[in-house]
Every structure is written in structure tokens, then in C-alpha cells.
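What follows is the residue order along each chain.
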Protein chains: 2
Amino acid sequence: MRIPLDRQSQQPLYKQIEGYFRECILAGSLAPETRLPATRQLARDLGVNRITVETAYSALEADGLVYSRVGSGTYALAPLPGQQPSREQPGAPWPLWQEELLASGGLEEVVSAEEMLLAAGHPAPVSFAGGSGDARLFPSEDFRKVIQAVMRRDGSEALDYGDAKGYQPLRATIAGVLTSQGLMAGAEQILITGGSQQALALVVQLLLKAGDTILVENPTYSGALSLFRALGLRIVGVPIDQHGMCVEELEALLQVHHPRLIYTMPTFQNPTGACLSLARRQQLLALAERYNLAVLEDDYVGDLRYEGRSLPPLKALDSRGLVIYISTYSKMFMPGLRVGFIAAEGPVCERLVSFKRLNDLATSNLMQRAVEAYVSVGRYQNHLRRCVHVYRRRREAVLQALNRCMPAGVRFHPPLGGLFIWLQLPPGVDARALLPLACQAGVAFAPGEDFFAEGREKNHLRLNFAAHPPEVIAEGIARLAEVVRRAI
Amino acid sequence: MRIPLDRQSQQPLYKQIEGYFRECILAGSLAPETRLPATRQLARDLGVNRITVETAYSALEADGLVYSRVGSGTYALAPLPGQQPSREQPGAPWPLWQEELLASGGLEEVVSAEEMLLAAGHPAPVSFAGGSGDARLFPSEDFRKVIQAVMRRDGSEALDYGDAKGYQPLRATIAGVLTSQGLMAGAEQILITGGSQQALALVVQLLLKAGDTILVENPTYSGALSLFRALGLRIVGVPIDQHGMCVEELEALLQVHHPRLIYTMPTFQNPTGACLSLARRQQLLALAERYNLAVLEDDYVGDLRYEGRSLPPLKALDSRGLVIYISTYSKMFMPGLRVGFIAAEGPVCERLVSFKRLNDLATSNLMQRAVEAYVSVGRYQNHLRRCVHVYRRRREAVLQALNRCMPAGVRFHPPLGGLFIWLQLPPGVDARALLPLACQAGVAFAPGEDFFAEGREKNHLRLNFAAHPPEVIAEGIARLAEVVRRAI
């Protein structure tokens, strides 16, 4: 063990040693019942006399911070109420640069709906607030075997940095999947990222600087809005209807705001579930070309379609390098994997590779190899088919429950795919104010306000219908409907 | 399979289908011998007549892009020389915003020393150019078993996002290890990151904006310099000698440049291997406090000490929240893990947690759990002891070889720890110009120029002595010495 000792200090060494352990115990860095080093060993480690260490330990014992067991050693005790570490005593200010961070406001920190639901203590809580699919469907046992096979096959190579763009066979596999979906791509146009959130952060930080304008659908993914705000971007919203972004209103906004980038989820938009029509897709690309606008297409659940014919991603309609396409294996697979990707061509592709390397060198090579092994043998496609089958029934369940239970004045469009349904409450009902009441009743949702870039409407909420089986959905919606009924 | 078809287009549908496959094959998105979808299936997928698909396939066959095998299907062929995808034909410009990226210069892209060595084709190449320890020592078999045990124990929970700060038991384990090293920390002060490169990127992007000034040791880690340049920071170098950064010269620089942050590797600095003396550590902290300077301490190989008594990290001497400490499990363990961490306190700690979440949501939960399981049972400590033992002998080998082979005028200080030794060649010798000759002779190094923030000196090079056994080191140094001798 090492303890920073100042041999020039006025304070005797035993006091310094005592002080270090005191702080450790009071701050919780040494958990109760942790054994302190033997006095002989610590004296050797620190280059001090053994009596110095013994004196320190005696002083700690006298203050009730440690106890000794004969023949066994010295152990930390839990601090008593009122015993505070000296650093955290009031009055010790942070350095000025830290105080400035506090003053700058910025990153909001609110209690999440799921934390609120847990805190409410309902015996059978139902959360519709989450952002991913049902963890119980994750093929974790299959995936365990795949990781085994990969590590047996690749050994320590699986644990090295690997290619800057990502594991080549995974990139080739992704390119093949995209090509079969109408989005022609080669492995060289794919960059593996730590989920689609990193893909988003890289693109935006490469192309925009603080003060630049970004267009977004209004409402849109709240995690993107938080990122754009933290980066100091000017955010301008484009209205959205049942057929996706109102592209008809785009040109006027382009002429006024001169944005450099538009961020869009054309397929099963988050939070509205809307799907951009083919005509609007073509119109959006034509405008992007005319106004020198980069298009960032987030296709986070494009494969989860429950009805209707699939539409080509914007990137599939783009032969000019206008669109940067991002997607992920997290939403439908396993969020903790953190494997997503960017498909792009032209100079921006190489720039993104360099910028990614500067940001975190590489995404976990082992995780990439495991995903590749899983996807390339068709297991992923089977998993996906199963998810579509299960989630389709859950969508039916949520629609039935909403139609059955919700009072008049609550409006929604049945989503054709994805994870979410977007509810509009009657005007004047504040969904955020409803949330604590809902949590008391054992149900949580994502308040709609968080998804608005501007003109924050308060009377919406987002439900994730994919996370629970039909009977749980029915129960959760019944609870929510009761809370809504009382509010209107 | 999906192909984007435009039913309003003048171009007949069969032509559009033919065109898609043509591009796929010419661009390499459909590899040779890939089977095209059966005509009946594709006709159904696209909602077209089967004859339309058959006509498209016949046209492709006539052009020698596919062949059909009776009763088996249609297969892609390799494109002939001269057959080019239409997008890549010269004259089709990128969108203006992409051209601007090209014009902005910025991210340099050079052939790495290791690529150059491989290309030179020596039968037994020796690279001293790498940045991590010896991959052959990675405990990949042990780690495979640990991942197994974690997935069996935690199931799908190991594949969910997990805690925003990182897996709590891993944070507690890290806090315990730091505390035993004299750096008192609780689990709440630890944030898990995707390696120390992400830690670095997060801290710098949170605290600085383009145009702000950052102080660095000169020379310093080239990956940090590239990041700082890409972010548009003004970089000011502080000279470094055998005892680390020349802190005596710091105050004058602080008064002239008003930096917000200093980036330092006090222990076994990269590339010089220098270790900052205790007096200078204390002096640096006193100046940081007086001048409102945030200190970013990169302790990337602090545990790899081969001689002398260990010095406390700067963070261990800091009771005011001046220092942000970053470290990693990559360098001594397995680079492809991508698990590093930040230890910080005060407002900056919470801000970093939020900013990390905006950047990539989380670091792979499974990798975090596996590292925790590996470290907490003492396996990591055993691995570390073994590495110290092995690398200490390699350091002796490189010092012996250098003393034996290098011509007079080549200078170096024996490093007390870490992975690197820093060579100064006689004035006028350009290490980068030497590299191709060295690669021809079968040895590679990292040219020193890349590590300089300013006043780029050309006559240095960095050797990683940890990557090879002693006899290979001896051979590599003999080759290098011969190349140096011919150059002076």
C-alpha cells in the first residue's frame, strides 16, 4: 500500500498515516470490515518505522474508526453519524474553473421516469418509458456461445485494437445486409462506432461547431437534442405529421436559417413513430442538394416493420454523397453491446474514421467479432424475425388497450413499426405533471416535452409498447387511462 | 431483397433492377459468387412481374456481370478490368459541404511505421513502433473463462446499458485499488470510459472550446496532440527533462498564455519515459491552484515500475479538486477491451458523466463486468506482476543492446518504468528520413517529430522495448544501430 507522505511537513508521519486512513474510512473509500495492511508490511511499503504505523492505528482505534482482532489484524469500522471527511466540510470551495462549470448551467439532470416509478414502490410497476426492446428477448445464451467460439478461434487477436474502421468482416457483413435492403454499400464505406449515439456525436462534432444551426424534426429523439444543446448548436425544428417531416415547409426554413445539417429519422421516427413518404424522401434529397445541406439519417429500428411495404432509406436514394446513414445493433439486439455504424461515402467518410480514432481509438474488437459471428450465420435474422413477430402482437395489444380504456380526446396514430406510440392528451393537460401520479398508480411513460426542440408542447407522452407482454401492457394502459381520466 | 424503384421514372423497371445489380457488382458490394435472389422471390419482394426480373438478369448476363447455373440460380461474377461503377466515374463532384471538408485540410493521414515495415517485406521484421505491451502476454484464455462466468452469472443484464457512470462493482474495485496506491477515491468519483483516449477526449471537449489554449509537455503523446489539433485548440509546450516537466518554466508560460488546462503524464511520460520528481509535483499543484488551471493527469502505465520507489500520482496530492485523473486497463492488459476510467471530484465529475452519456451512452457493460471479475479476484494483479517481471528484463536487454551497438552521439536515459525509451540522435540526423531505410533493414520505430507540440525536433525516435523478447530486441537494435551509423 502507498500513502502520500510529506517528509518536509511539520505534521509527524504517524499523523499523516492516521489522517489518510481517517479520510478513507469517513469518505467510504475503505469499506467497513476491510482489513488494513499489517503494520510490518505498511512500514516497509512506506519506508517508516513500524512504531509509526502502530501509533497511527492506535489513534484510529481510539477514535472508533478501526478495531483490532488479536492475531488477525486491524479492520475498518463504519463511520458514526456526524463523522465527516474533512474535504467535504462546508466552506472548502472548488477551484474557480469548477465553480464556473456549476455557474454555466447547461447539462440538465432530472430524475428519470423509471427512477420515479421504482421510488413510488408499486408492487407490480409497468414502465413504458424505456428506449429499447425487451431485454428478456435478448439472445444472451446464444451470444455467450458466440463469444466463446470467437475467443477460441481468434485468441489474443480478438483483444487487440484492430482496424481503425472496425473489424473488416463485420463491415463486409453490414455492407451486404444494407445492399440487400436497397442501400448499396461496400465494406469501405462502413465505420463501426460505439452504438448509434457515438455515430451521431461524431458526425455532428465533425461537421458543426458551436453556434452553427442544425435542423431536426420537432419533436425528435431527446438524447440527440441534449447532445446538440451541450455542443452549443442552434436547433431549429421542422414540423412532423403522420407521414413524417413536413418537407413542404423545409425550403422556407433553409432560406431563413442556413443550416449545415439536418438530422432525421425517416422510418418509425422517435418519438412519433411516423414514416416519411416516398415523395417526401425524394423532395428532401432534392432540397439537400440544392441548398448544400448534409443529411444525417438515423435508421435506428428500420427493420422492425409490422405492416405495409418497406420504403428505401434516404441513403438508398442518394447517388451524390448527400446522406450520412447511421444505425445500430443495440435497439433490437443488446444495448450493452455498444456496436453501431456509419455508412457514408466521399471525403466525410475518411474524416469520420480519423475523428473516431481520436475520440476513442476503436470500438471493442471482441464485441465486433462476436456481432459479426452472430449476424453472418443468420442468427441475427432469426432473432429479428422473432422480435418482429412478438412486437407486432404487442403493438396490437397497446392499440386495443388504448382504444378500450383511454377517454375521448386522447389521440394517436397506429405506428407501422418501431418501438413507440405517441399520445396526444387533451389541450391543457401537462404530461410531466401527470408522471408522479402515474408512478403512484404503478405506470411510467416518457413525458413528451423532452422531445421538443422548440415550442415545447406539454400534452404529449411516448409509450414503449415493445418492452412488455400483452397482458402487462393491458394492465399498464388501464392504470394510465385512469390517471388521465382524473386529470381532464 | 429490396431495391429502390422509381415507378414515376421514364426508365423501365427492368432497367432499374439491372442498374442496381450492375452498380453492386462493379462497386464490389456484391462479392463474386454471391447468389442473386431467385427471380420469383425478388419479383414478389419488389411487387413487379417475374418477367421484369428475368429481363434484368438476362441483360446482366449478356454484359458478363452474372452467370446462371441451371437449377441452382444466378451468381455474381468479378467485374472485368475497365468496368467501373458509374458513381465513381470522374467528373461527378461531391456535394459542396464534402468538398469543403477536403479543402479544410486538417486531419493528417500518414503511412504508419508498422505498415511501412510490413510493406518492406523483411523476413523477420522487428517493430519497436507500437504503443502497447506484448500481445503474447495478454491472458486471453483466462479472460475467455471470465467472460463465460460473467455471462452465466448475469445473463441478459450483462448486455443492457447499465449505470451511466459505469458498472458499480467495477467502480468500487477501481476506487479500492487507487486508495491502496495513495489516491483516495470512492466509487462515486469514478467514471468508466472507452479507454483512456475517450477519457482524454471527454475532458478536453467538456472544458475547452476551439481557440482555447492547452499546455502539454513537449514532446508528448502524439494521439493527444492530434486530438487537440482536430479540436482547434492552441497548443503550448512546456520543456521536459530527465525529471519530467520543467515546472520552473511553467509560471512564465501561464502568465503569457492563460491556458485553461494542462495535460501531463507525470509517471513514465510518453515518449520520454521521464518521471516527475516529488518537488515538481507539489510545485505544479501549487501553480495550478494559484492560476486557476485544471490539471489532466494521464497515468497510463503508472503500475509498470522497474526500479526505484513509486511516487504518488498528482491526484493523490490534490485535496482541492484541481486534478482530473485518467487511466486505462488497455496498455497492460488488452487494448481491444476499451475500458479506461476518469477519477475526479466536484462539479466536473457530474458534468463528465452527462457528457459521456451524450457521446456514446455507455461503455460495453459486458466488458466492464468481465474486467471487474478479472481484477477483483486478484488475477489482474498477478498479470501485472508477471508483466513487470518480463518487461524489466526487456528493458535491461534494450539498454544493453543500445550501449553495445549504438554509435557515439546517440543519447538516452534509462527509463524507470513504462514501455518506452527515447533516443536522441546526433544533431542533423532526421529520424523520419531514416525510417524507410530502417524498414528495409527490418526494424521500425516511432519518429520523434510526431510527439512535438512545437519546435519539432527531427533527431529523436521512440522505441517500445516491451513488445519483444530479449533476443529479438538485441537483433532489432543491432539493425537500427547499423542504419544510424550509416546516417551520421
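Preceding this paragraph is the structure being described.
Since we're looking at a predicted model, the values are computed, not measured.

### Quick notes on the overall build of chain A
Phase 1: When you go through chain A residue by residue, the secondary structure sums to 16 helices and 15 strands.
Phase 2: Dimensions of chain A, computed from the C-alpha atoms along their principal axes, are close to 85 × 55 × 50 Å.
Phase 3: The buried share of chain A, taken over its 488 residues, is 59%.
Phase 4: Taking all contacts inside chain A whose residues are at least 6 apart in sequence as the whole, residues at least 24 apart take part in 72%.
Phase 5: Here chain A has roughly 18800 Å² of accessible surface; of this, 52% comes from carbon and sulfur atoms.
Phase 6: Of note, chain A has its 50 positive side-chain charges centred 4 Å away from the centre of its 49 negative side-chain charges.

### Quick notes on the pattern of salt bridges
All names here are of chain A.
Phase 1: Scanning the model with the defined rule gives 67 salt bridges over all chains in all.
Phase 2: Of the charged contacts in the structure, one is a salt bridge between Asp241 and Arg280, with a shortest N-O distance of 2.8 Å. Remark: Arg280 occurs in helix H11 (residues 278–290) and Asp241 occurs in strand E6 (residues 234–241); sequence separation between them is 39 residues.
Phase 3: In this structure Asp241 comes out as partly exposed when scored by relative accessible area, which is 31%.
Phase 4: Residues Asp450 and Arg432 are paired through a salt bridge, measuring 2.1 Å at the closest nitrogen-oxygen approach.

### Topic: unusual backbone geometry
Phase 1: Residue A:Pro271 is bonded to the preceding A:Asn270 through a cis peptide linkage, with omega at 15°.
Phase 2: Cis peptide bonds are those with omega within 30 degrees of zero, and the linkage from B:Asn218 to B:Pro219 qualifies with 10°.
Phase 3: Along the chain, B:Pro219 falls in the loop between strand E5 (213–218) and helix H9 (222–230).
Phase 4: Positive phi, normally seen in glycine, also occurs at A:Arg338, with a value near 60°.
Phase 5: Structurally, the position occupied by A:Arg338 is in the loop between strand E10 (323–328) and strand E11 (340–343).
Phase 6: Positive phi outside glycine occurs at B:Phe268, with the angle close to 55°.
Phase 7: Residue position: B:Phe268 is located in the loop between strand E8 (261–264) and helix H11 (278–290).

### Quick look at the packing of helix H5 (residues 113–120) of chain A against helix H15 (residues 431–440) of chain A
Residues and elements named next belong to chain A.
Phase 1: Across the interface, H5 lies against H15 with an axial gap of 8 Å and an inter-helix angle of 40°. Classed by the angle they form, the pair H5 and H15 counts as oblique. With respect to the hand of their crossing, H5 and H15 are arranged in right-handed fashion. Residues Ala113, Met116, Leu117 and Ala120 of H5 pack against Leu435, Pro436, Cys439 and Gln440 of H15.
Phase 2: Classifying every residue of the contact of H5 with H15 gives seven nonpolar, one polar and no charged.

### Details of the relation of the copies chain B and chain A
Phase 1: Overlaying chain B on chain A yields an RMSD of 0.1 Å, the required transformation being a rotation through 180° with an accompanying axial translation of 0.0 Å. The transformation just described matches what one would write down for a two-fold rotation axis.
Phase 2: Mapped onto chain A, 100% of the interface residues of chain B again fall at the interface, so both copies present the same surface.

### What to know about the side chain of B:Ser196
Phase 1: Along the chain, the position of B:Ser196 falls in helix H8 (residues 195–207).
Phase 2: Beyond its immediate stretch of four places on either side in the chain, B:Ser196 contacts B:Ile326, B:Ser327, B:Thr328 and B:Gly340.

### Comments concerning the environment of B:Tyr75
All names here are of chain B.
Phase 1: Looking at the secondary structure, you find Tyr75 in strand E2 (residues 73–76).
Phase 2: In the structure, Tyr75 is positioned ten residues away from Leu65 in sequence and 8.7 Å away in space, judged by C-alpha atoms.
Phase 3: Ignoring sequence-local partners within four residues, the contact set of Tyr75 consists of Glu33, Thr34, Arg35, Leu36, Leu65, Val66, Tyr67 and Arg69.

### Remarks on helix H7 (residues 168–180) of chain A
Phase 1: With 13 residues, H7(A) should cover 18 Å at 1.5 Å per step; its first-to-last C-alpha distance of 18 Å lies within 8% of that length.
Phase 2: Of all the positions in H7(A), only A:Leu170, A:Arg171, A:Thr173, A:Ile174, A:Ala175, A:Leu178 and A:Thr179 are classed as buried.

### Some points on the sheet that holds strand E14 (residues 446–447) of chain B
The strands making up a sheet are joined through hydrogen bonds of the backbone, oriented either antiparallel or parallel.
Phase 1: Strand order in this open sheet of three strands is E12-E15-E14 (chain B), and the pairing throughout is antiparallel. Looking at the sheet topology across the chains shown, the edges are occupied by strand E12 (420–424) and E14 of chain B.

### Quick look at the interface of chain B and chain A
Phase 1: With 103 residues of chain B at the interface, the matching set in chain A holds 104 residues.
Phase 2: Taken together, the two surfaces of chain B and chain A that pack against each other cover about 9000 Å², and 56% of this comes from carbon and sulfur.
Phase 3: Among the residues of chain B in contact with chain A, B:Arg2, B:Trp97 and B:Met184 are the three that bury the most area, contributing 9% of the side total.
Phase 4: B:Arg260 serves as the salt-bridge partner of A:Glu100, at 3.9 Å between the closest nitrogen and oxygen.
Phase 5: Taken together, chain B and chain A are joined by 42 residue pairs in polar contact (both at pLDDT 80 or more).
Phase 6: The residue inventory of the side of chain B that touches chain A, partitioned by class, reads 49 nonpolar, 33 polar and 21 charged.

### Regarding the packing of helix H1 (residues 13–27) of chain B against helix H3 (residues 50–62) of chain B
Residues and elements named next belong to chain B.
Phase 1: Contact geometry for H1 and H3: axes closest at 8 Å, N-to-C directions at 45°. The angle between H1 and H3 falls in the class oblique. When the axes of H1 and H3 are compared, the crossing they make is right-handed. Where H1 approaches H3, its residues Leu13, Tyr14, Ile17, Glu18, Phe21 and Arg22 are matched on the opposing element by Thr52, Val53, Thr55, Ala56, Tyr57, Ala59 and Leu60.

### Let's talk about the sheet that holds strand E15 (residues 460–464) of chain A
All names here are of chain A.
Phase 1: Pairing within the open sheet is antiparallel, and its three strands lie in the order E12-E15-E14. Each of the sheet's edge strands pairs with one partner strand only, and the pair in question is strand E12 (420–424) and strand E14 (446–447).
Phase 2: Bridging between E12 and E15 involves five bridges; their strand directions are antiparallel. Within the sheet, the bridge partner assigned to Leu423 lies in E15 and is Leu461.

### What about the side chain of B:His468?
Phase 1: Secondary-structure assignment places B:His468 in the loop between strand E15 (460–464) and helix H16 (470–487).
Phase 2: You can call B:His468 buried: its relative accessible area is 13%.

### Observations concerning the pairing of E11(A)
A regular strand places its side chains on the two faces of the sheet in alternate fashion.
All names here are of chain A.
Phase 1: Every second residue of E11 is oriented toward a common face, with Gly340 and Ile342 on one face and Phe341 and Ala343 on the other, all of them buried.
Phase 2: With four bridges joining them, strand E4 (residues 190–193) and E11 adopt antiparallel strand pairing. The residue bridging Ile192 from the neighbouring strand is Phe341, located in E11.

### Considering the environment of A:Glu396
Phase 1: Within the element layout of this structure, A:Glu396 appears in helix H14 (residues 379–405).
Phase 2: Once the C-alpha coordinates of A:Glu396 and A:Gly417 are considered, the two residues, 21 residues apart in sequence, prove to be 11 Å apart.

### Digging into the pairing of strand E5 (residues 213–218) of chain A
Residue and element names in this part refer to chain A.
Phase 1: By the criterion of burial, E5 is predominantly enclosed, with six of the six residues buried.
Phase 2: As paired strands, E5 and E6 are joined by six bridges and run parallel to one another. By the bridge assignment for E6, Asn218 is matched with Pro239.
Phase 3: For the handedness criterion, the β-α-β arrangement of E5, helix H9 (residues 222–230) and E6 is classed as right-handed.
Phase 4: With three bridges connecting them, E5 and strand E8 (residues 261–264) associate as parallel partners. By the bridge assignment for E8, Ile214 is matched with Leu261.

### A look at the packing of aromatic side chains
Phase 1: Scanning the model with the defined rule gives 24 aromatic pairs over all chains in all.
Phase 2: Where A:Tyr20 meets A:Phe21, the ring centres are 6.3 Å apart and the plane angle is 75°; that geometry is what we call edge-to-face.
Phase 3: The class for A:Tyr20 is buried, based on a relative accessible area of 7%.
Phase 4: You can call A:Phe21 buried: its relative accessible area is 0%.
Phase 5: A ring pair is formed by B:Phe143 and B:Tyr374, whose centres lie 6.0 Å apart and whose planes are at 70°; its orientation type is edge-to-face. Pair noted here: B:Phe143 is in helix H6 (residues 140–154) and B:Tyr374 is in helix H13 (residues 365–376), with a separation of 231 residues, a long-range link. For the pair B:Phe143 and B:Tyr374, a shared accessibility class is recorded, and that class is buried.
Phase 6: Cluster of aromatic residues (ring-pair linked, three or more members): A:Tyr325, A:Tyr329, A:Phe341 and A:Tyr380.
Phase 7: The lysine or arginine in question, A:Arg462, covers the ring of A:Phe420, its NZ or CZ lying 3.8 Å from the ring centre.
Phase 8: The cationic tip of B:Arg69 hangs over the ring face of B:Tyr75; the distance from NZ or CZ to the ring centre is 4.3 Å.

Each value, and the rule that gives it
Residues numbered from 1 in each chain as written. Chains lettered and ligands numbered in written order. Predicted model: local features only at pLDDT ≥ 70, side-chain atom pairs only at ≥ 80, totals over all residues. Heavy atoms only, no water. Helix = DSSP H or I, 4+ residues; strand = E, 2+ residues; numbered from the N terminus. Buried < 20%, exposed > 50% of the residue type's maximum accessible area, 1.4 Å probe, protein only. Contact = heavy atoms within 4.5 Å. Areas by Shrake-Rupley, 256 points an atom, 1.4 Å probe, with all protein chains shown as cover. Lys, Arg positive; Asp, Glu negative; His and termini not counted. Charge placed at Lys NZ, Arg CZ, Asp CG, Glu CD. Salt bridge = Lys/Arg side-chain N within 4 Å of Asp/Glu carboxyl O. Axes fitted to C-alpha atoms, helices over the stretch in contact; angles between N-to-C directions. Parallel < 35°, antiparallel > 145°, perpendicular 65-115°, else oblique. Left-handed = near helix turned anticlockwise from the far one by under 90°. Nonpolar A, V, L, I, M, F, W, Y, C, P; charged D, E, K, R; others polar. Least-squares fit on C-alpha atoms with pLDDT ≥ 70 in both. Expected span 1.5 Å × (residues − 1). Pairing = 2+ DSSP bridges. Buried area = accessible area lost by both parts, 1.4 Å probe. Polar contact = N/O pair within 3.5 Å; in protein donor to acceptor, adjacent residues only side chain to side chain. Right-handed = clockwise from strand over helix to strand, strands pointing away. Phe/Tyr/Trp six-rings, centres within 6.5 Å; stacked < 30°, edge-to-face > 60°. Lys NZ or Arg CZ within 6 Å of the ring centre and 35° of its normal.

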